[in-house]
Amino acid sequence: LLFISNKSIKFAVDKKRIMRKYILLLSTLLLLLPSCQRFSTWKEYNEEWLIAKRAEIKATSPYEVVEYASGIIVEKIHTGYGAVPKPYYDPDLEISSYVRVNYKGWLADGTLFDTGEEVNLVLSGTVQGWQDVLSTMPQGSLWKIYLPADKGYGAEGSKDAYGNFSVPPYSVMVFEIDLVEVNNF
């Protein structure tokens, strides 16, 4: 004869209930996990973000939108009529245009990483994307630019004085630039 007590029946029922909950939890996690982790790297996230943003800007921007062959996207919020900084192509020259700008810079995830008012810059001392865009931007213009990583800080990123990344490697950068003054030499 087989002897079964109420205790052993209760244990079997509890074990079955726990297994059902465990299987339900596991299957839910397996379904949700791929949608939570769509991008495996920051580089991939930035590349996909720029592709999606390009399509969105072209479809919805009320401003003139220009795309450079290099992948830079420019929204011309307002175009001024003043001087245009000279392009800087000769690395042997130590002279370039000086510009005064107001600007804000964001990463693709919306993080504001830099801002400045009435900042004086030598055009040749800026990232390649700024050089490319500002050399076509008349004084008095307000443009929003989207720089692919290779036109910004690329694979190196940019670190602050403490060694922390202010711009991580492979970051798309978005700037709103107000070109206040141009001094060409």
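Residues numbered from 1 in each chain as written. Predicted model: local features only at pLDDT ≥ 70, side-chain atom pairs only at ≥ 80, totals over all residues. Heavy atoms only, no water.

Novice: Looking at this model, I keep getting lost on the pattern of salt bridges. Mind explaining?
Specialist: Opposite charge on two side chains permits pairing when their charged atoms draw close. Summed over the entire model, instances satisfying the criterion amount to six salt bridges. With its nearest N and O atoms 2.8 Å apart, the salt bridge here joins Glu181 to Arg100. Here the residue Glu181 occupies a position in strand 8 (residues 173–183), and Arg100 occupies one in strand 3 (residues 98–107), the gap between them amounting to 81 residues. The exposure class of Arg100 is partly exposed, given its relative accessible area of 25%. Ionic pairing is found between Asp132 and Lys151, a salt bridge with its closest N-O pair at 3.9 Å. Taken together, the positions of Asp132 in helix 3 (residues 128–134) and Lys151 in the loop between strand 5 (142–147) and strand 6 (158–159) put the pair 19 residues apart, joining distant regions of the chain. Given a relative accessible area of 17%, Lys151 falls into the buried group. (Salt bridge = Lys/Arg side-chain N within 4 Å of Asp/Glu carboxyl O. Helix = DSSP H or I, 4+ residues; strand = E, 2+ residues; numbered from the N terminus. Buried < 20%, exposed > 50% of the residue type's maximum accessible area, 1.4 Å probe, protein only.)

Novice: Help me out: how do you make sense of the nonpolar core in this one?
Specialist: Across soluble globular proteins, you tend to see nonpolar side chains buried next to one another. Formed by 23 residues in total, the largest nonpolar core has its most connected members in Val101, Trp130, Leu134, Ile145, Leu147, Phe175 and Ile177. Of all elements in the fold, only strand 3, helix 3, strand 5 and strand 8 reach the threshold of two or more residues within this core. It is strand 8 that contributes the most residues to this core, five residues altogether. Setting aside residues up to four positions removed in sequence, Val101 forms contacts with Gly116, Glu117, Glu118, Val119, Leu121, Trp130, Leu134, Ile177, Asp178, Leu179 and Val180. Grouped together as the second largest cluster of nonpolar side chains are eight residues, Ile57, Ile73, Ala108 and Tyr146 included. (Core = buried A, V, L, I, M, F, W, Y, C linked by side-chain atoms within 4.5 Å. Contact = heavy atoms within 4.5 Å.)

Novice: Sorry if this is basic, but what is going on with the sheet that holds strand 1 (residues 64–67) here?
Specialist: Read across the sheet, six strands follow the order 1-2-5-8-3-4 without closing on themselves; strand pairing throughout is antiparallel. Because the sheet does not close on itself, it has two edges, and the strands there are strand 1 and strand 4 (112–122). Strand-to-strand twist of the sheet, defined as the mean angle between neighbouring strand axes without regard to direction, takes the value 20 degrees. (Pairing = 2+ DSSP bridges. Axes fitted to C-alpha atoms, helices over the stretch in contact; angles between N-to-C directions.)

Novice: In this structure, what is going on with the packing of aromatic side chains? I would like to understand it.
Specialist: Both the distance between ring centres and the angle between the ring planes are used here to describe each pair of aromatic rings. Scanning the entire structure with this criterion turns up six aromatic pairs. Here Trp42 and Tyr45 contribute two aromatic rings whose centre-to-centre distance is 5.4 Å and whose plane-to-plane angle is 25 degrees, an arrangement assigned as stacked. With a gap of three residues between them, Trp42 and Tyr45 both fall in helix 2 (residues 42–60), about one helical turn apart. We classify Trp42 as partly exposed; its relative accessible area is 29%. Here the aromatic residues Tyr103, Phe113, Trp130 and Phe175 are joined through ring pairs into a cluster of three or more. (Phe/Tyr/Trp six-rings, centres within 6.5 Å; stacked < 30°, edge-to-face > 60°.)

Novice: Help me out: how do you make sense of the pairing of strand 4 in this one?
Specialist: Alignment of strand 3 against strand 4, held across eight bridges, turns out to be antiparallel. By the bridge assignment for strand 4, Gly105 is matched with Asp114.

Novice: For this particular structure, what's the right way to read the environment of Tyr146?
Specialist: Assignment of secondary structure puts Tyr146 in strand 5. For the pair Tyr146 and Arg54, spaced 92 residues apart in sequence, the C-alpha to C-alpha distance is 8.9 Å. Look past the residues within four positions of Tyr146 in its chain and what remains in contact with it is Trp49, Leu50, Lys53, Ile57, Gly71, Ile72, Ile73, Glu75, Met173 and Val174. In this structure the side chain of Tyr146 is engaged in a polar contact, spanning 2.9 Å, whose partner is the side chain of Glu75. (Polar contact = N/O pair within 3.5 Å; in protein donor to acceptor, adjacent residues only side chain to side chain.)

Such coordinate-based values are descriptive only and should not be taken to indicate function.
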